[in-house]
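# Structural overview
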Amino acid sequence: MKKQTITFCLLSLSLLASLTAAQAPAQSGPITAIKAGRLIDPETGTAAANQVIIIEGEKIKEVGANLAIPAGATVIDLSKFTVLPGLVDAHTHMAITYKEQPENNYYYLTYVMDSTPLRAIQAASNGIQLLNSGFTVIRDVGNNALYADTALRQAIEQGWLPGPTVIPSGIIIGGTGGQFWPTPEMYKQHNIVYPEYLDANTRDEIVRAVRENMLFGARTIKLCIDCKPWGYSVEDIKLAISEAAKGGCKVDGHVQTPEGAQRAIDAGIYIISHGNALTPEHHRQMAEKGIFLAGTDTPFTKYRGSEAAFKQTVAKLRDAWEKKVPLTFSTDLDYWNERMKDEKTGEWMSRGDLTIAFLDTWKAAGIPAADILRAITINGYKAADIIKERGPIKPGLFADMIAVAGDPLTDIDALRNVQFVMKNGMVFKKDGVMSPEKFFHPGPVRIPSGRYTR
Ligand SMILES: [Zn+2]
């Protein structure tokens with residue numbers, strides 16, 4: 001390159017830099033001040049009265065009593081409410097809903113009948129319903145066809161539509177067959193129902209599958225540890241963990257046998273999904289190693305479950321809590337039926353209503369409200385591996401928060417009726433009514449940084 005050209009380039013660059021500085025919106029953004037009647041810190045299980053939260057743009061600037069409200073700030077009066085961090089579902093599925101009709105709850109058929117684009121649109125709707133119920137973060141761990149989950153994450157991050165922060169896994173990685181026992185035609189041709197699992201048997205295939213998911217936008221990696229008798233060995237799981245770490249992802253293991261659970265624990269997995277197969281000894285080891293549990297603790301309701309299964313789920317959750325396993329609130333919600341109506345109003349329950357209904361299991365297990373609150377917030381942010389960016393209501397973090405009437409530290413059911421939701425410093429719901437206008441935008445308001453991996 002000639003010298004004049006270099007000089008010209010440098011000049012252009014500095015001109016561009018000054019233009020960018022002049023045209024870029026002020027880093028700070030609008031100021032909002034929230035007056036909180038009570039502000040809960042779920043980490044400590046305490047509440048402080050009459051707090052002020054100052055928000056600048058998307059982030060929290062200051063929190064405290066008697067803070068001066070800056071001139072020109074928009075004031076939101078929540079002095080009659082309890083303000084707390086947003087909720088987390090640590091194991092859910094936005095882009096699949098199997099039904100009694102037409103597929104007889106047989107989710108193979110959902111994969112055949114509902115296309116990726118259709119399921120992506122449903123995921124967008126489900127995300128809005130979750131946010132309306134106060135869920136500002138979700139871990140979306142597979143069964144999302146061809147990456148509807150990572151698309152949802154990118155769409156929300158770019159500011160096209162409202163929704164929780166999505167931590168997607170991309171496609172579930174498993175040995176031959178995944179969670180299916182497919183026909184030879186399905187398996188060999190990989191044409192039908194095969195967006196749902198990545199077959200990875202050998203070490204090379206495991207590395208490739210982990211990389212493929214991260215390339216397409218996964219923020220966590222989901223392994224079928226023991227969906228098949230051949231399952232993954234401790235060494236296989238360790239390999240997936242080390243490969244995922246290169247893209248900033250933690251590994252979640254779907255576990256359905258005691259032996260699989262032990263292998264996942266021995267490999268030092270970050271999070272175990274499903275609590276059914278775990279023994280008290282597994283719980284003890286998980287607590288010792290700090291392995292998160294997403295138990296997917298289904299309540300017994302008129303629309304789902306059985307009393308016998310519920311009793312077992314409650315007993316397992318209770319034991320995990322007694323052993324001090326780091327518990328998260330999780331649902332595995334991926335189904336729908338016509339009985340899902342509110343008993344009092346007769347109206348359809350939203351995906352958010354169905355999600356928060358899982359509190360029933362936690363209450364049945366006799367877990368104190370403060371511990372449930374920690375599981376559904378702080379432990380969720382940790383399991384999602386985002387606690388340094390968002391979750392706690394602390395200066396420097398994204399302004400995500402909700403408000404409820406009553407006191408969830410003594411009555412966890414207060415979470416069932418979220419009156420206010422803020423996400424990224426913008427009001428999504430106020431006085432119990434969604435007001436999402438500011439979340440809809442025709443272009444990317446944020447160019448996603450770290451679009452594919454962290
Ligand atoms: Zn699941």
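All of the points below concern the structure found in this document. (Residues numbered from 1 in each chain as written. Predicted model: local features only at pLDDT ≥ 70, side-chain atom pairs only at ≥ 80, totals over all residues. Heavy atoms only, no water.)

### What to know about the sheet that holds strand β19 (residues 433–434)
Read across the open sheet, the eight strands follow the order β3-β2-β1-β4-β16-β17-β18-β19; overall the sheet is mixed. Strands at the two margins of the open sheet, each flanked by one partner only, are β3 (59–64) and β19. Across four bridges, the pairing between strand β16 (residues 401–404) and strand β17 (residues 418–423) is antiparallel. Bridge pairing in β17 places I402 opposite V421. (Pairing = 2+ DSSP bridges. Helix = DSSP H or I, 4+ residues; strand = E, 2+ residues; numbered from the N terminus.)

### A closer look at a nonpolar patch on the surface
A grouping of Y106, L109, V112, M113 and I192 is seen on the molecular surface, where their side chains present a nonpolar patch of about 480 Å² in accessible area. Taking the relative accessible area as the measure of exposure, Y106 reaches 49% and is therefore partly exposed. (Patch = residues over 30% accessible without salt bridge, like charges linked within 9 Å, V, L, I, M, F, W, Y side chains within 5 Å. Areas by Shrake-Rupley, 256 points an atom, 1.4 Å probe, with all protein chains shown as cover. Salt bridge = Lys/Arg side-chain N within 4 Å of Asp/Glu carboxyl O. Buried < 20%, exposed > 50% of the residue type's maximum accessible area, 1.4 Å probe, protein only.)

### What to know about the packing of aromatic side chains
In the structure shown here, the tally under the stated rule is 16 aromatic pairs. Geometrically, the ring pair formed by W181 and W230 is edge-to-face, given 6.0 Å between the ring centres and 75° between the ring planes. One end of the pair, W181, is in the loop between β9 (172–174) and α5 (184–189); the other, W230, is in the loop between β11 (220–224) and α7 (234–246), with 49 residues separating them in the sequence. Pairwise contacts between aromatic rings join Y98, Y106, Y107, Y108, Y111, F180, Y187, Y194, Y197 and Y335 into one cluster. Above the plane of the ring of F398 lies K59, whose end atom (NZ or CZ) is 4.8 Å from the centre. Geometry around F398 places R390 over its ring, the cationic atom sitting 4.1 Å from the centre. (Phe/Tyr/Trp six-rings, centres within 6.5 Å; stacked < 30°, edge-to-face > 60°. Lys NZ or Arg CZ within 6 Å of the ring centre and 35° of its normal.)

### Remarks on the environment of I138
By secondary structure assignment, the location of I138 is in strand β7 (residues 135–140). Exposure remark for I138: the relative accessible area of 0% places this residue in the buried category. Put simply, I138 and I241 are 103 residues apart on the chain and 21 Å apart in space, counted from C-alpha to C-alpha. Ignoring any residue separated from it by four or fewer positions in sequence, one finds I138 in contact with D89, T92, M94, L130, P164, T165, V166 and I167. (Contact = heavy atoms within 4.5 Å.)

### Points about the sheet that holds strand β8 (residues 165–168)
Spatially, β5-β7-β8 is the arrangement adopted by the three strands of the open sheet, whose pairing is parallel. The open sheet terminates on both sides in strands that have one partner only, identified here as β5 (87–92) and β8. Put simply, the sheet's adjacent strands are angled 15° from each other on average, direction ignored. Here β7 pairs with β8 via four bridges, running parallel. Considered in β8, the bridge of D140 is made with P168. The sheet strands contacting helix α4 (residues 148–158) are β7 and β8, and the helix crosses β8 at an angle near 150°. (Axes fitted to C-alpha atoms, helices over the stretch in contact; angles between N-to-C directions.)

### A closer look at the coordination of the zinc ion
Taken together, H91 (NE2), H93 (NE2) and D332 (OD) make up the full set of protein donors to the zinc ion, lying 2.0 to 2.1 Å away. Of note, the donors binding the zinc ion are all from one chain and are spaced H-x1-H-x238-D. With H93 in the loop between β5 and β6 (98–99) and D332 in the loop between α10 (307–322) and β15 (335–336), this residue pair connects regions lying 239 residues apart in the sequence. (Donors = N, O, S within 2.8 Å, 3.2 Å for Na, K, Ca; no water.)

### Brief notes about the side chain of N126
For N126, the position within the fold is in helix α3 (residues 116–132). Given a relative accessible area of 5%, N126 falls into the buried group. Leave out the neighbours within four places in its chain, and N126 touches M94, T97 and R351.

### Topic: the state of the cysteines
Taken as a whole and judged by the stated rule, the model has one disulfide. The disulfide bridge from C224 ends at C227, spanning 2.3 Å between sulfur atoms. Because the torsion about its S-S bond is -70°, the bridge between C224 and C227 counts as left-handed. C224 gets classed as buried once you look at its relative accessible area, which sits at 3%. Looking at C249, it has no disulfide partner, and the nearest cysteine sulfur is the one in C224, 17 Å off. Using a relative accessible area of 3% as the deciding quantity, one classes C249 as buried. (Disulfide = S-S within 2.5 Å.)

### Section: the pairing of β16
Side chains M401 and A403 of β16 all project onto a buried face; the interleaved residues I402 and V404 project onto the opposite face, where all are buried too. The pairing of strand β4 (residues 74–84) with β16 spans three bridges and is antiparallel. Note that in β16 the partner of T82 across the bridge is V404.

### Notes on the pairing of β17
Of all six residues making up β17, six are buried, and the element is well covered by its neighbours. Where β17 hands over to strand β18 (residues 426–430), the hairpin turn is made up of two residues, of which N424 adopts a positive phi near 50°.

### Looking at the nonpolar core
Counting 88 residues, the largest nonpolar core has I173, I221, L223, I272 and L415 as its most contacted members. Of the residues forming this core, the biggest block, six residues, is contributed by helix α13 (residues 369–376). Leave out the neighbours within four places in its chain, and I272 touches D252, G253, V255, A261, A264, I265, L278, M286, I291, F292, L293 and A294. By size, the runner-up hydrophobic cluster in this structure holds 16 residues, among which are I60, V83, I393 and M422. (Core = buried A, V, L, I, M, F, W, Y, C linked by side-chain atoms within 4.5 Å.)

### Observations concerning the pattern of salt bridges
Taken as a whole, this structure holds 21 salt bridges when the rule is applied. With a closest N to O distance of 2.9 Å, E322 and R318 form a salt bridge. Here the residue E322 and the residue R318 both occupy positions in helix α10, the gap between them amounting to four residues, near one helical turn. The partner of D360 in a salt bridge is R416, with the nearest N and O atoms 2.6 Å apart. Note that D360 is positioned in helix α12 (residues 359–364) and R416 in the loop between β16 and β17, a separation of 56 residues in sequence. A residue is classified by how much of its surface remains accessible, and R416, at 33% relative accessible area, is partly exposed. In the salt-bridge network here, residues are joined through shared partners; they are D360, K363, D413 and R416.

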